[in-house]
Structures are given as structure tokens and as C-alpha cells.
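Spelled out from the first residue to the last, the chains are:
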Amino acid sequence: MSPLTRIRRIVGDQRVVLTLLTVGLFLYFGMKNSAFFSTDFVIYPLLRDGAVLTVIGLAQLCALSIGHLNLAVGRMAAVAALAAGASYQYWHLALIPGLLIGLVTGALLGAITGWMIVKSQVNAFIVTLAMDFALLGFVTFIYVTFTGATAAFTTKPAGMEYWRNTSLHQYCIAGHCGPRVFPMMLVPAIIALILVGFMYAKTRMGRELLATGSNLRAAKLSGIPVDRRVIMAHTLSGLLAALAGVMLAFTNGSFTASIGSQFMLPSFLGPVLGGTLLVGGAVQVLGTFIGTMLTLVIRQGLSVQGIGLETLNIALGLVLLTALSLGQIQKMFTSIRMRGRT
Amino acid sequence: MKKKSLVAGILALALVVPASAFAATPDFSKIKVALVPGGAHPYFQPWIAGGKAAATEFKIGGTVFNETGEWDQTKQNAAIDSLAAQGYNAFGLFGVSPSDINTTFSNLKAKGFAVGSLASCPGGYDIVKEPQKNSADFCLSTDTGKAAYLAAKAVITQMGGKGNLVHLTGNAVDANTIRRMDGVKKAIAETGGKVKLLTTITDIDTDLQTATKAVSDLVAAKGKQINGIVTTAYNPAVAATQSVASTKLPIKVIAIDDDPKILSAIKSGTISGTVVQNPWGQGYVGSWVMAALGSKACTMKTPGLYVDSGSFLVTKANVGTYNTTRMATSKQILKDFQTKYMTCK
């Protein structure tokens, strides 16, 4: 491959373009107002929030990989956080066992959703929407019934503060400490990125999920157990939604009914901006992280400029629309170039 | 003799100098106050005027109102962080999540910022008895239970002390709503069974459309059974006012807050009255207190102290004058902070 072709391929990669856009915007906002480079008030919280939203993006990505949508990601996160919070409050479990209870709850909810889709043959959009409503009622009922006026599980297991407040800076090797801006909350997100990326890129399971999303009929004729793969995709989606829900509870400080209520839009933004197809068959795991960070950089950048709510949302929408159109713009330029040659 | 008289005079003067005169003395020029509600809601708009009035009167370095939280605790925290990065060093907050906002308060205080919880007081159910559960420097908010009790008592009086009452309110999973529900129940209990709570409708304060639909459905289904409606949230109050006006049913309504539609309905006699809160005072008094704490001119005698910002029953009789009373109450609350609740240099 010639160097020119290699450069063209790199430039044509949506993830590279998104990374450049994210870094470019980060520098632009920082140059406009140096406050944006603040470690404590901008970069650290940005990465910490990015970690949570990346995981919820991965949860949606798993459903998208088979051409489905999971409209219940937020509520699955809420129920999982509820289970973890209740285990800390009533059974006084340590951090990890409580987290595991949350993860199992999320995975079970995902598996039930997948099973209902397979058995009922109803569109995933409808099933997950119904699931979202059912879980909303369940979460409200549980918090109102068991926690009264507090409406939250407030017991904090040992170690919760650590995940919220600490950075890699406290770990030093031979006198060299990690960066202060690297929140510990990024660690579970990176692990999730690696595992999900590995599954889709290197395992048979991942390939079968993508094949199911790409063409269900062809996958079935190829001998892929598509029903089981649909259940698996939704189980993974529930599992990752649960992880995001518990991470958000750790970040905010308590387990409340509102956990996950704002997850829906970011769960789509990250993967779709990153290059995951809504129709299934193609995913971009790393792109999910980059897409998520792009939206956060835009939002926080505009916020630091002191832009009001209405302008902020208009600007956010315009920039995201431009970012989403980049692929089309690239295609248009390539087409014009090709026509020029012929 | 002359010297003795002079000393006595100075001492006497020191004793009688009003606290408000002291209020202007500290240098607040390095304090920048950020007033951050959980999201956009008409209730918080008077914070802007209150904050600006305090900034001008007490020469506070700056004031800003930021409503970009969009009712998401994560987004509100991000908004607060961006304001801190811009140099704001005193924060008056209405937390999205009552149980999570304490973490935000603690984080801000750990960084040396003055923090006030405005319009709500997180922590335990009884905010007066359990102020230790609030991590802000102080709370300045409506005693929601008391305001709801006041409203319910007023509507029961209008109903002639008997009949069926409906309570319209906000988010069921919120401590303030539960306090409001308890306030209404307390007023009903005092009637000895003459007034019955027909139903309590929650979660309809998200927007006016939701509230209007809920009230229309209610009036269509049970309009003839209802004798009174007490509303303890903004959107249901406006919706109930509109609904009663359009159906012309003989339902007595006590609303909440002072939306122009509500005030107009009181003037025309469509509804009986409203219980107004004091968001202007929260912005005005809160800004001074945060500036005093941030500049280290004063400290709270009881950290996390809860102070009622006041609630006032407005009827046709005082609809033209209630704002004067409210402003006077705000000044009095400020004086109480300066003289009773804080220790100043």
C-alpha cells in the first residue's frame, strides 16, 4: 500500500475525523477561554462523565449490532442501580458484591427483553418501549414504598468515594505518577471498551451478532442460532446498562429513581456519531467513546463560554448534525473528485 | 467627664446601629455568586432580579444565573463545574436530586466555596430537626409542608369546612412533595372527617400540557363531586385555574405561586387565592449570605441551618399589596441572618 493510499484511508476513517474534530474543538474552546483547560473543574469531570456515557453507549451498541434499538437502557440502569443500592442499604454488602447484584439484575432484564422479542416476534422498538414503561412504574413504586420521603438508597459502601473522587495520580511507579486528569471511573469504561471491542472483532459470537444484524435471513440460513444471538445481544445491553447505572450512582452519591432517566439520547449519540449503523451489522466500539467525548466537549465548551440554555442546545444540535454529516460530505467530495478524473 | 460621655455615646451607638448598616461594610468585590437551579422553571426566574439587587446593593463582584442543568444532576454538576472554572466562588443551588446534591455541596465546600441550598433543603424528612443531614452552609427555602398546610386550610375555609378536596402536586419521588402531601393531610385531619381527600394527583408538574390534561380528565370524571382543589406545584396550579374558569363549576381553588394567569383569576374571582413563595428573597438574601461566607466576613453559627424563606396567602383582599409584604419579609430574613444566624467580624 502506497503512503498516499494509507493517508487517504486514515483520513477517510470516521473515527480519525471525529478524534480530530474533538481535539480541535477542545483546543478551540480552551483558546477562547483558558478556564476550559481547568483540570479540576473541566477535564476531570468531563472524562468521568464520559466514562459513564461511553458505557451506556456500548449498551445501546450491543442492541444496534443486531439491528435493534433498546429504548429501555435508562430504566434497566435504574433497576440495576436500585438492586445494588438496596443490597448496600439492607444487606450491608461490600462494594463489589453489590455491584455484581446490579450487573446480574441488568443482564436478567436484558435477557427477558430479548426472550420476549424472540417469542412474541414483535419489533424490538415496541418491546423495549413497553419494558421502559413497566420498569419506570416499578422503580417509582419501589422507591416510594421502601425509602419514603428520602426516595433514595443513601448507604455508601466503602470505596464509593474512591471511584468518584480519585485519579490515576495517586498511583506512582519509580517516582512517576499517573495523570491527575485521569479519573478512576474511566477504568471500568476502558475494560468494557476492550471486552466489547474484543468480542466483536475477534470472537465467533461477535461475528454472529453482526451477521444477525446485517441480514437476519442470511444468518439463519448460514446456521447461526439467531434467536439465541438476539437474546445474547439484549443480555449484554442490559449488563452494560446496569454497569452505567451503578457508575452514575457512584458519581452522584446515591441510588435514586432518576438514575438513567437521561441516558436515552446519549446512548444513541455516542455509537451513531462513532460510526455504528442504526440498521445493524456494523459497530464502532472505540468510535462510541470518541463520539461521546465529542458531545461532552461541545456541551461543556459552550457552557464555559457562558452560553445560555437555548443557544447551547441550538449550537449543540448544529455541531452534532455537522459531525453526523461528515461521512456524507466525505462521500460527496470523493464523488466530485472521481468525476473530475473521468 | 466629657471623655466618659463620649465613650458611653460610642457604646450606645454601637448597640443601636442597625445590622443592615453593617451589611454594606464587608468587601464583597472578590465574590462572584452563581445561582444555579436544577433546570429551567418559571419559579426560579425571580432569582435573577434578587441576585442582581443584592449584587448592586452590597457591591458583590458578580452574579450569574445558570439554568442549563436540564433537570439532570450530572448536567447540573457540569454547569457548576464550568462556572467554578470561570471564577465563580459562591454557589446558590437548587439540586436536581435531593439525595445527590449533598455530594455536590460537599465537593464545593471542600474546594473552599460558599454554598447555599436555595428553594429546597436536602437531607432528612424533617429539615428543621435534622439540619445535619444537609451539607450546604445553609438552606433558604419554603417550608413546603407549612405552605401546603396554609393552602389546604384556606381552601377548606372557602369550602365551608366540608366536602371533597383534591390535591394536585409534583414529583411523587421527592421529599418536598411528600411534605406537601403531609401538610394537606394535616389540614384535612383537623376537620374531623368533614373534609375528605378525594384524590392526590402527583407527577403533573413536568409541563403545562401534562398538567392541563390531568386536570381536564379529573374534572370530566369527578367534577361534580369536587368541592375544592389545592395545588402545591406551579403547572397544576395554572392548569386548575384555567380548567375551573372554562368549566364554571363551583370548585374552590387555592393555587400556588403568582403566575399572571393565577393573579388575574384571583382578581376576577375565578379562584379563591394562591400561596406565593419567595424566590426573589431566596436570590437576594442568599446572595448576601454566600458573599458574607465566601469573603470570610461571617460564619454560620449552626452550619447547615434551615431558614424558611416564607409563604404568603394571597386573596382578592391583598392581591395588590402582597409583594410589598414579601419584600419586607426578605429584608427581615436578611437582618435575622446578620444578627441571629451568623457570627460576623
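Residues numbered from 1 in each chain as written. Chains lettered and ligands numbered in written order. Predicted model: local features only at pLDDT ≥ 70, side-chain atom pairs only at ≥ 80, totals over all residues.

**Topic: the overall build of chain A**
- For chain A, the count of helices and strands is 14 helices and 4 strands.
- Summarising its shape, the C-alpha atoms of chain A cover approximately 70 × 55 × 50 Å along the three principal directions.
- Split into buried and exposed, the 342 residues of chain A put 50% on the buried side.
- Put simply, 74% of the contacts in chain A that link residues at least 6 apart link residues at least 24 apart. (Helix = DSSP H or I, 4+ residues; strand = E, 2+ residues; numbered from the N terminus. Buried ≥ 20, exposed ≤ 12 C-beta atoms within 10 Å, placed from the backbone. Contact = placed C-beta atoms within 7 Å.)

**Some details on the overall build of chain B**
- Helix and strand counts for chain B stand at 12 helices and 14 strands.
- Counting only residues that meet the buried cut, chain B has 57% of its 345 residues in that class.
- Long-range contacts, defined here as pairs at least 24 residues apart, represent 75% of the contacts in chain B between residues at least 6 apart.

**Points about the domain arrangement of chain B**
Residues and elements named next belong to chain B.
- Domain assignment breaks chain B into domain 1 (14-142 + 279-310 + 323-344) and domain 2 (144-276).
- One C-alpha centre belongs to domain 1, the other to domain 2; they are set 30 Å apart.
- With 7 residues of domain 1 at the contact, the number on the domain 2 side is 9 residues. (Domains from an automatic or database assignment.)

**A word on the sheet that holds strand β1 (residues 32-36) of chain B**
Residues and elements named next belong to chain B.
- Taking strand neighbours across the sheet as the criterion, the 6 strands line up as β2-β1-β3-β4-β5-β12 in an open arrangement whose pairing is parallel. With one partner strand each, in any of the chains shown, β2 (62-65) and β12 (305-308) form the two edges of the open sheet. Averaged over all pairs of adjacent strands, the angle between strand axes in this sheet comes to 20 degrees, irrespective of strand direction.
- The pairing of strand β4 (residues 114-118) with strand β5 (residues 138-141) spans 3 bridges and is parallel. Within β5, the position partnered with S117 by the bridge is C139.
- This element, helix α4 (residues 73-85), spans β1, β2 and β3 (90-93) of the sheet and lies at about 165 degrees to β1. (Pairing = 2+ DSSP bridges. Axes fitted to C-alpha atoms, helices over the stretch in contact; angles between N-to-C directions.)

**Brief notes about helix α11 (residues 226-252) of chain A**
Residues and elements named next belong to chain A.
- With 27 residues, α11 should cover 39 Å at 1.5 Å per step; its first-to-last C-alpha distance of 39 Å lies within 8% of that length.
- With 25 of 27 residues buried, α11 is to be regarded as a mostly interior element.
- G253 sits one or two positions beyond α11 and adopts a positive phi of about 115 degrees. (Expected span 1.5 Å × (residues − 1).)

**Concerning the pairing of strand β10 (residues 273-276) of chain B**
All names here are of chain B.
- The side-chain alternation of β10 yields two buried faces, one formed by G273 and V275 and the other by T274 and V276.
- Pairing of strand β9 (residues 252-256) with β10 involves 3 bridges; the strand directions are parallel. Bridge pairing in β10 links A255 to T274.
- Following the chain from β9 across helix α10 (residues 260-268) to the adjacent parallel β10, one finds a crossover that is right-handed. (Right-handed = clockwise from strand over helix to strand, strands pointing away.)

**Side note on the nonpolar core**
- Grouped together as the largest cluster of nonpolar side chains are 204 residues, with contacts concentrated most on V55(A), A77(A), A80(A), L240(A) and A244(A).
- Residue-level mapping places this core at the junction of two domains, with at least three residues from each of domain 1 (14-142 + 279-310 + 323-344) and domain 2 (144-276) of chain B.
- If sequence neighbours within four positions are ignored, A80(A) has contacts with G102(A), L103(A), T105(A), G106(A), A241(A), A242(A), G245(A) and V246(A). (Core = buried A, V, L, I, M, F, W, Y, C linked by C-beta atoms within 7 Å.)

**Quick notes on unusual backbone geometry**
- In this model, H92(A) sits at a positive phi of 55 degrees, which is unusual for a non-glycine residue.
- Tracing the chain through its elements places H92(A) in the loop between α4 (73-90) and α5 (95-120).
- Phi angles above zero are rare outside glycine, and K248(B) is one such case at about 55 degrees.
- As for its position among the elements, K248(B) is in the loop between α9 (234-247) and β9.
- Its 8 C-beta neighbours within 10 Å are what place K248(B) among the exposed residues.

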